[in-house]
Amino acid sequence: MSDLHNLVLIGFMGCGKTSLGKWISHNASMSFYDTDEYIVSKQNREIVEIFATDGESYFRDLETETLKEMNEKFRYSVISVGGGLPLREENRELLKNIGIVIYLRTTQDTLVKRLGNDTKRPLLVGSDIRSKIQELMIQRESIYENTAQIIVDTDDRTFGQIYKEIEDAILAR
Ligand code: S3P
């Protein structure tokens, strides 16, 4: 990739942001950061615990703080962000400053298959997975689409194919 911007991956839980981010970082020799991992290591506790003890809005504040730090520090990196992070307008502005924002679009059927047995995501624990995904997707889909400069469909595609499409879209800008 000749462009020296950060790449920012957004999308629903389970769309593959973290796995693809690690793949790109390895194959394009870029650094990789993930907002959830960053928060967990700074807080020294898991996300389910943060939600249970301090609530969702506290976690959302941590996400905003994290983005501000990343905006100052990170260059030529792939950054994957938690699925709910783009919901705050302030975060959307920060994301656009940090780098090229890419939405990894994934169908609900695929998400249901991937997230069926999840225990690490507090918003999904104890709910009917299909209806919860549907409910959150209604709130989020247009936000993801409007925040991203590049949208890539990920179902049934390899990381190599997805990355090629991202590269081509960046070169065509
Ligand atoms: C969330 C997504 C999670 C994590 C938290 C909340 C969300 O990240 O930030 O559980 O609101 O969609 P992933 O998208 O990496 O699963």
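Residues numbered from 1 in each chain as written. Predicted model: local features only at pLDDT ≥ 70, side-chain atom pairs only at ≥ 80, totals over all residues. Heavy atoms only, no water.

Enquirer: I'd like a description of the side chain of Thr 64, backed by residues and values.
Expert: Residue position: Thr 64 is located in helix H4 (residues 56-73). Judged by relative accessible area, Thr 64 falls into the buried class, the value being 4%. Thr 64 has contacts with Arg 88, Glu 90, Asn 91 and Leu 94, leaving out every residue within four places of it along the chain. (Helix = DSSP H or I, 4+ residues; strand = E, 2+ residues; numbered from the N terminus. Buried < 20%, exposed > 50% of the residue type's maximum accessible area, 1.4 Å probe, protein only. Contact = heavy atoms within 4.5 Å.)

Enquirer: Give me the lowdown on the sheet that holds strand E3 (residues 77-80), citing residues and values where you can.
Expert: Paired through backbone hydrogen bonds, the strands of a sheet run either parallel or antiparallel to each other. The sheet built from five strands is open, its strands ordered E2-E3-E1-E4-E5 with parallel pairing. Taken across any chain shown, the strands that pair with only one partner, and hence form the sheet edges, are strand E2 (31-34) and strand E5 (150-153). In this sheet, neighbouring strand axes are inclined to one another by 25° on average, regardless of whether the strands run parallel or antiparallel. Along the sheet face, helix H8 (residues 159-171) touches strand E1 (6-10), strand E4 (99-105) and E5 and points at about 155° away from the line of E5. (Pairing = 2+ DSSP bridges. Axes fitted to C-alpha atoms, helices over the stretch in contact; angles between N-to-C directions.)

Enquirer: Tell me about helix H3 (residues 47-54), and please be specific about residues and values.
Expert: Within the sequence span of H3, burial applies to Ile 47, Ile 50 and Phe 51. Angularly, the buried residues of H3 cover 95° about the axis, an arc narrow enough to put them on a single face. For H3, exposure combined with an orientation more than 90 degrees from the buried face picks out Ala 52 and Thr 53. Remark: Gly 55 follows H3 within two positions and exhibits a positive phi of approximately 90°. (Arc of directions from axis to C-beta.)

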